[in-house]
Structure formats: C-alpha cells, structure tokens
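Letter by letter, the chains look like this.
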Amino acid sequence: MKPLLSWSVVAGLLIYVANAWAANDTPVGTWKQVDDVTGKQKSVIEITDDGGKLQGKVLQVMNLSPEEIAKGGQHPVCVKCDGSRKDQPIEGMTILWDVSKDGDVWDGGKIVDPKTGKVYKVKLTLTDGGRKLDVHGYIGFSLIGRSQVWERQN
C-alpha cells in the first residue's frame, strides 16, 4: 500500500508542476503594466484568448497623479483616441487585439496607447519563465519602437 501512496503523491506533484508550467507559457492572464519611464504601476491588464487571437483589456488604472486626475478625471478617458475609443473610459477598454502566436513570440496584432491615442503594431515575448512579458510597440519594423515589461499577477 505504501508504494501506491508514494506513486500517487509523485503523480500529483507532476500534474501540479505541469499545470504551473503550462500557465506560464502563454501571455493569457492578468498583468501589471509598469511605466517604462517612472517604474510605477500604471494599470492592470487582462489578456484573453479569443479563438487563437489574444486581446488585452484594462481592468484598472492606477497611480494617477493629481494633474492626470484634473485633466482626465478620476476615471480617465481616451481623449486622443480615434473612432470607437474616442472619449471612452480607459478602464474596460480593449487596448490589445489580433495578436497570434508566431514561434516563441506573439505578433501580428495592434496595441493602442491611451495616453497618446496612437495605435502601434505589437510583439509580445515572455521572459523570466513566463513571469514577465516584453510588450514591444512599433511602427514599420520591429527594430524601432518602444518596449515595456509587464509583470504577471498571481
């Protein structure tokens, strides 16, 4: 009976480790967006999979300065956005869309910067064992652009 119990424990641990690893091999999940200039957390973003295409929605905007609150209100809106995002609340807004897996990266989609209203091509790369996500927005070629590192929420 002892060998059966030992094997059950080992099998349970292997399943747990496999599930933990699988959860970190995709950008799907909740992320802290950290400002690449100030180092402060700006928002919480949830990335979901919609039929093989990733999309990201802002769940919460954080650390607004008094100037930002005065300019955009307690719940800021995307003043500089175009189209359907124009003057819409940033919380709840889909800012990342149509991103699909391409080898070890996720590519081919777009991301909007709610601060400027500009839409960029985007490339996502997991780092640090899936605990961090390099979000690279660019126009034209991916060599030129700007990156942020988002941190996975637990």
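What comes next concerns the included structure. (Residues numbered from 1 in each chain as written. Predicted model: local features only at pLDDT ≥ 70, side-chain atom pairs only at ≥ 80, totals over all residues. Heavy atoms only, no water.)

1. Side note on the overall build of the protein chain
Check the secondary structure of the protein chain and you find two helices and eight strands. When the helices and strands of the protein chain are read in sequence order from the N terminus, they spell out α-β-β-β-α-β-β-β-β-β. In the protein chain, which comprises 154 residues, the proportion classed as buried is 29%. Within the protein chain, residue pairs in contact and separated by at least 24 positions form 36% of the contacts whose partners lie at least 6 positions apart. (Helix = DSSP H or I, 4+ residues; strand = E, 2+ residues; numbered from the N terminus. Buried < 20%, exposed > 50% of the residue type's maximum accessible area, 1.4 Å probe, protein only. Contact = heavy atoms within 4.5 Å.)

2. Notes on the state of the cysteines
Applying the stated criterion to the full structure yields one disulfide. Across the disulfide from C78 sits C81; the S-S distance is 1.7 Å. As the torsion about the S-S bond is roughly 55°, the C78-C81 disulfide counts as right-handed. (Disulfide = S-S within 2.5 Å.)

3. Looking at the side chain of R152
Its place among the elements puts R152 in strand β8 (residues 146-152). Lacking a salt bridge, the buried R152 has D25 as its closest oppositely charged neighbour, with an N-O distance of 7.0 Å. A polar side-chain atom of R152 sits 2.8 Å from the main-chain carbonyl oxygen of T26. A distance of 2.8 Å separates a polar atom in the side chain of R152 from the backbone oxygen of G130. (Lys, Arg positive; Asp, Glu negative; His and termini not counted. Salt bridge = Lys/Arg side-chain N within 4 Å of Asp/Glu carboxyl O. Polar contact = N/O pair within 3.5 Å; in protein donor to acceptor, adjacent residues only side chain to side chain.)

4. A short note on a nonpolar patch on the surface
Side chains of F141, L143 and I144 sit close together on the surface and give an oily, nonpolar patch of about 450 Å² of accessible area. You can see I144 is positioned in the loop between β7 (132-138) and β8. (Patch = residues over 30% accessible without salt bridge, like charges linked within 9 Å, V, L, I, M, F, W, Y side chains within 5 Å. Areas by Shrake-Rupley, 256 points an atom, 1.4 Å probe, with all protein chains shown as cover.)

5. A closer look at the sheet that holds strand β3 (residues 53-61)
An order of β1-β2-β3-β4-β5-β6-β7-β8 is seen for the eight strands of this closed barrel, with the pairing classed as antiparallel. If you compare each strand with its neighbour and ignore which way they point, the axes differ by 30° on average. Bridge analysis of strand β1 (residues 29-34) against β8 gives three bridges, and the strand direction is antiparallel. The residue of β8 that forms the bridge with Q33 is W150. (Pairing = 2+ DSSP bridges. Axes fitted to C-alpha atoms, helices over the stretch in contact; angles between N-to-C directions.)

6. Things to note about the pattern of salt bridges
As enumerated under the stated definition, the model contains three salt bridges in all. K32 is paired through a salt bridge with E151; the nearest N and O atoms lie 3.2 Å apart. Highlighted residues: K32 in strand β1 and E151 in strand β8, separated in sequence by 119 residues. With relative accessibility at 23%, the residue K32 sits in the partly exposed group. D128 serves as the salt-bridge partner of R131, at 3.0 Å between the closest nitrogen and oxygen. Of the residues examined, D128 reaches a relative accessible area of 40% and is grouped as partly exposed.

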